[in-house]
Amino acid sequence: MCSAPAGAVERKASTSASLPSSAIIIDRDDRLSREDYSRTFGLTPAAMASRFGATGLVRCGSAVGTGQLVGANNVLVTASHVLFTPGGEPRGRGADCTFEITAGGSRQKVSVDVDKVVCGAREPYGQPAVKDWAVVPLAGPVKGVKPYMPGTMQVPGDIVLAAAAKSGGQEYYSLQNCQARKVTTTASSGLREVAIDCDAEGGVSGAAMLSPDGAFLGVYVGFRSAHPGKVGPFSMSHYNFGLSADGALREAITEVVTRARTLSASR
């Protein structure tokens, strides 16, 4: 794990008895609130907004996950299973599928245009995890936010996991310095599935894996564990994983961003 400087906020180790069954905690829960992260690493409010301010909450039907603006302030990247049911149908449309974020000093809620999605699969559940990503335009732009720009993940390498929710659909923005540990699968397009030692639980699906300076490196998808809900060391039987912003995912971001900019310019 990335080390914190002297004076870091003390955190109690999570106990298995207090964890939801969807929680995969590596060694201890090292997630920090935005305020604690800012204080711990000496970042100003402006630096926090610039590096980590494009992450927000996705509510689609009864599902609650995390998403972020990437490439443009009206383009959302998340996990496909946050938007689609096991049958491949949108979990919601219009007011029933939204992206919520506090940016520019105000709370904003924008509908997700699920019918214009570009994704690895609308039914990712029985398919390889490398298909569980979605890039989708919003009905309008989010104001006062700097979108993340795609970067290239180094494996092994340092990352920051930025999430907006936790189990039970509870809104909870957290940041954690952790590591991309091992490439577990590589798709034909070059997109990589990467095992990470970050902590996560239900609601983190779709969260951004960022570089320490705020570049978008990939999207969190899920976990594999022989003992979910119980704290343990990182191993290939207890880890979280995400997908790198390479290959088909990178191409989809470029496609949707170009389309969104063309649409904005024509209005």
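Reading guide: rules and limits
Residues numbered from 1 in each chain as written. Predicted model: local features only at pLDDT ≥ 70, side-chain atom pairs only at ≥ 80, totals over all residues. Heavy atoms only, no water. Helix = DSSP H or I, 4+ residues; strand = E, 2+ residues; numbered from the N terminus. Rg over C-alpha atoms; globule rule 2.2 N^0.38 Å. Buried < 20%, exposed > 50% of the residue type's maximum accessible area, 1.4 Å probe, protein only. Contact = heavy atoms within 4.5 Å. Areas by Shrake-Rupley, 256 points an atom, 1.4 Å probe, with all protein chains shown as cover. Lys, Arg positive; Asp, Glu negative; His and termini not counted. Charge placed at Lys NZ, Arg CZ, Asp CG, Glu CD. Disulfide = S-S within 2.5 Å. Core = buried A, V, L, I, M, F, W, Y, C linked by side-chain atoms within 4.5 Å. Phe/Tyr/Trp six-rings, centres within 6.5 Å; stacked < 30°, edge-to-face > 60°. Lys NZ or Arg CZ within 6 Å of the ring centre and 35° of its normal.

J.: Could you give an account of the overall build of the protein, with specific residues and numbers?
T.: In terms of helices and strands, the protein carries four helices and 13 strands. A compact globule built from 267 residues should have a C-alpha radius of gyration of about 18 Å, and the protein, at 17 Å, falls within 12% of that. Taking the principal axes of the C-alpha coordinates as reference, the protein spans close to 50 × 40 × 35 Å. The proportion of buried residues among the 267 residues of the protein is 54%. Of all intrachain contacts in the protein linking residues separated by at least 6 positions in sequence, the fraction that spans at least 24 positions is 68%. Accessible area for the protein stands at about 11000 Å²; split by element, carbon and sulfur atoms hold 50% of it. A gap of 3 Å separates the mean positions of the 27 positive and 23 negative side-chain charges of the protein.

J.: Any details on the state of the cysteines? Residues and values, ideally.
T.: Within the structure shown, the criterion is met by two disulfides. Residue Cys60 pairs covalently with Cys97 via a disulfide, S to S 2.2 Å. Disulfide Cys60-Cys97: the torsion about the S-S bond is -100 degrees, which places it as left-handed. With Cys60 in strand 1 (residues 55-60) and Cys97 in strand 4 (residues 97-103), the pair connects residues that are 37 residues apart, well separated along the chain. Side by side, Cys60 and Cys97 carry an identical accessibility label, which is buried. Two residues share a disulfide in this structure: Cys178 and Cys198, whose sulfurs sit 2.1 Å from each other. Handedness of the Cys178-Cys198 disulfide follows from its S-S torsion of about 85 degrees: it is right-handed.

J.: Explain the nonpolar core to me, and be specific about the residues and the numbers.
T.: Ranked by size, the top nonpolar core spans 63 residues in total, and within it Phe52, Phe99, Trp133, Val135, Val142 and Phe216 carry the most contacts. Ranked by the residues each element gives to this core, the list is headed by helix 4 (residues 247-266), at six residues. Apart from residues lying up to four places away in sequence, Val142 is in contact with Leu69, Asn73, Phe99, Ile101, Ala103, Gln108 and Val110. In this structure, Met153, Val194, Leu217 and Tyr220 belong to the second largest nonpolar core, which totals 15 residues.

J.: I'd like a description of the packing of aromatic side chains, backed by residues and values.
T.: One pass over the structure, following the stated rule, counts four aromatic pairs. Look at Tyr37 and Phe52: their rings are 5.5 Å apart centre to centre, the planes differ by 85 degrees, and that puts the pair in the edge-to-face class. Taken together, the positions of Tyr37 in helix 1 (residues 34-40) and Phe52 in helix 2 (residues 45-52) put the pair 15 residues apart, joining distant regions of the chain. The class of Tyr37 is buried, set by a relative accessible area of 4%. Using a relative accessible area of 1% as the deciding quantity, one classes Phe52 as buried. Three or more aromatic residues joined by ring pairs make a cluster, and in this case those are Tyr37, Phe41 and Phe52. The ring of Tyr172 has Lys166 lying over it, and the distance from NZ or CZ to the ring centre is 4.3 Å.

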